[in-house]
Amino acid sequence: MIRLVFVDVDGTLVGKDGVPPCVWPEVEALRALGVRFALVTGRPGRGEALSLARRLAPAGLHVYESGAVVLALAQDPHEPPARPFHVEALPEGPAREAVRLARRLSLPLEGYTAEGGFFVEGDSPLLLAHQALLGLEAEGADLLRPPSPLVRLQVLAGAQAPLEAFLEGLPPELQAHVAESPKMPGVRFVSLTKVGVGKLTAARLVAEAYGLSLAECAMVGDGENDLELIRAVGMGIAMGNAPPSVKRAARKVVAPVEACGLAEALAALRKNPPFL
């Protein structure tokens, strides 16, 4: 029985032209049957990603920062619109090592805090393009001395970037999650969280908060960073634009994001009685 659907953002909910309009009627149809939704993304809980969460599930739990932050949204106007439900900060020493490594390799670097802080080093065109994608303006900062504890670091790697050297040089206390976005083709986003922290660990917390097991959940995703959660849930669904490894792990493969793949996935859940 599927009672909760986790949805990735880039390449799943959002394509190069935004969210296909076909998605929202299927979301509403499942919600009418009592199915919950939760966003699961590497993005911060601000800007477009927060707006998407409010439309998907206006009062509920959503996973941000590659699993390092779970936010609770509230409909009550007397409560904060979003408050931290769970936070996993980066260990300070290893985070500083990763910052120094990114600097040595000249990789554009971003830092994120649980309170929604968004900081960058330098003025790379990739950093500016990513701010436009997120709908957020970053602040400049020395990420060796961030204004508050970081929950995630991220480097943006173009086609010629020394990404392998970066991954090989990371301290063992940090975990890397590599993703892409159809809105920035050719760029790999490498998120760093505390080791053991990822979409799966955060999704398990969300399911437990609703009194559910992962066997009662579905996950729709397209990236390698969605793989462990697709494998763990009762119904793992891969988008048509996902790499072969993700498609092999999924129980169902749907069309690419621009061809209403997410709507197809949700319709399949709605029309298949064993899952509802």
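Report on the accompanying structure.

Rules used throughout
Residues numbered from 1 in each chain as written. Predicted model: local features only at pLDDT ≥ 70, side-chain atom pairs only at ≥ 80, totals over all residues. Heavy atoms only, no water. Helix = DSSP H or I, 4+ residues; strand = E, 2+ residues; numbered from the N terminus. Rg over C-alpha atoms; globule rule 2.2 N^0.38 Å. Buried < 20%, exposed > 50% of the residue type's maximum accessible area, 1.4 Å probe, protein only. Contact = heavy atoms within 4.5 Å. Areas by Shrake-Rupley, 256 points an atom, 1.4 Å probe, with all protein chains shown as cover. Lys, Arg positive; Asp, Glu negative; His and termini not counted. Charge placed at Lys NZ, Arg CZ, Asp CG, Glu CD. Pairing = 2+ DSSP bridges. Axes fitted to C-alpha atoms, helices over the stretch in contact; angles between N-to-C directions. Disulfide = S-S within 2.5 Å. Salt bridge = Lys/Arg side-chain N within 4 Å of Asp/Glu carboxyl O.

**Considering the overall build of the protein chain**
Thought 1: Scanning the protein chain from N- to C-terminus turns up nine helices and 14 strands.
Thought 2: Relative to its length of 276 residues, the protein chain is compact, with a C-alpha radius of gyration of 18 Å against a globular reference of 19 Å.
Thought 3: Across its three principal directions, the C-alpha atoms of the protein chain cover 55 × 45 × 30 Å.
Thought 4: Taken across its 276 residues, the protein chain has 54% of its residues classed as buried.
Thought 5: Pairs at least 24 apart in sequence give 59% of the contacts found in the protein chain among residues at least 6 apart.
Thought 6: Summing over all exposed atoms, the protein chain offers an accessible surface of approximately 11,400 Å²; the carbon and sulfur share of this is 53%.
Thought 7: Considering the protein chain, the positive charge centre built from 27 side chains and the negative charge centre built from 31 side chains are found 5 Å apart.

**Quick word on the sheet that holds strand S12 (residues 217–221)**
Thought 1: Pairing within the open sheet is parallel, and its five strands lie in the order S2-S1-S12-S13-S14. Each of the sheet's edge strands pairs with one partner strand only, and the pair in question is strand S2 (36–39) and strand S14 (252–253).
Thought 2: Looking at chain direction, strand S1 (residues 4–7) and S12 are connected through four bridges and run parallel. Bridging across to S12, Val7 finds its partner in Val220.
Thought 3: Its contacts with the sheet put helix H2 (residues 47–56) on S1 and S2, and the angle it makes with S2 is roughly 175 degrees.

**As for the pairing of strand S9 (residues 150–157)**
Thought 1: With eight of eight residues buried, S9 lies mostly within the body of the structure.
Thought 2: Two strands pair when backbone bridges link them, and S9 and strand S11 (residues 188–194) are joined in this way by five bridges, in the antiparallel orientation. Each residue of the ladder has a partner; that of Ala157, found in S11, is Arg188.

**Focus: the state of the cysteines**
Thought 1: Applying the stated criterion to the full structure yields one disulfide.
Thought 2: The residue that forms a disulfide with Cys22 is Cys260, at a sulfur-sulfur distance of 2.0 Å. Handedness of the Cys22-Cys260 disulfide follows from its S-S torsion of about -115 degrees: it is left-handed. Here Cys260 lies in the loop between S14 and helix H9 (261–271) and Cys22 lies in the loop between S1 and helix H1 (23–32), a separation of 238 residues in the sequence.
Thought 3: Taking the relative accessible area as the measure of exposure, Cys22 reaches 24% and is therefore partly exposed.

**Some words on the pattern of salt bridges**
Thought 1: A full pass over the atoms with the stated rule returns 14 salt bridges.
Thought 2: Between Glu48 and Arg43 there is a salt bridge, with its nearest N and O atoms 2.7 Å apart.
Thought 3: A relative accessible area of 22% means that Glu48 is categorised as partly exposed.
Thought 4: The exposure class of Arg43 is buried, given its relative accessible area of 4%.
Thought 5: Through salt bridges with shared partners, a single ionic network connects Asp10, Arg43, Glu48 and Lys183.

**Here's the deal with the sheet that holds strand S5 (residues 82–87)**
Thought 1: The sheet built from three strands is open, its strands ordered S3-S4-S5 with antiparallel pairing. Edge positions in the sheet fall to strand S3 (61–64) and S5, since each has one partner strand and no second. Neighbour-to-neighbour, the strand axes of this sheet turn through a mean angle of 30 degrees, independent of strand direction.
Thought 2: In the sheet, strand S4 (residues 69–73) pairs with S5 via five bridges, with the strands oriented antiparallel. Following the sheet pairing, Ala72 is matched in S5 by Arg83.
Thought 3: Packed onto the sheet, H2 meets S3, S4 and S5 and runs at close to 155 degrees relative to S3.
Thought 4: Across the sheet, helix H6 (residues 199–209) lies against S3, S4 and S5, angled at about 175 degrees from S3, the strand it touches most.

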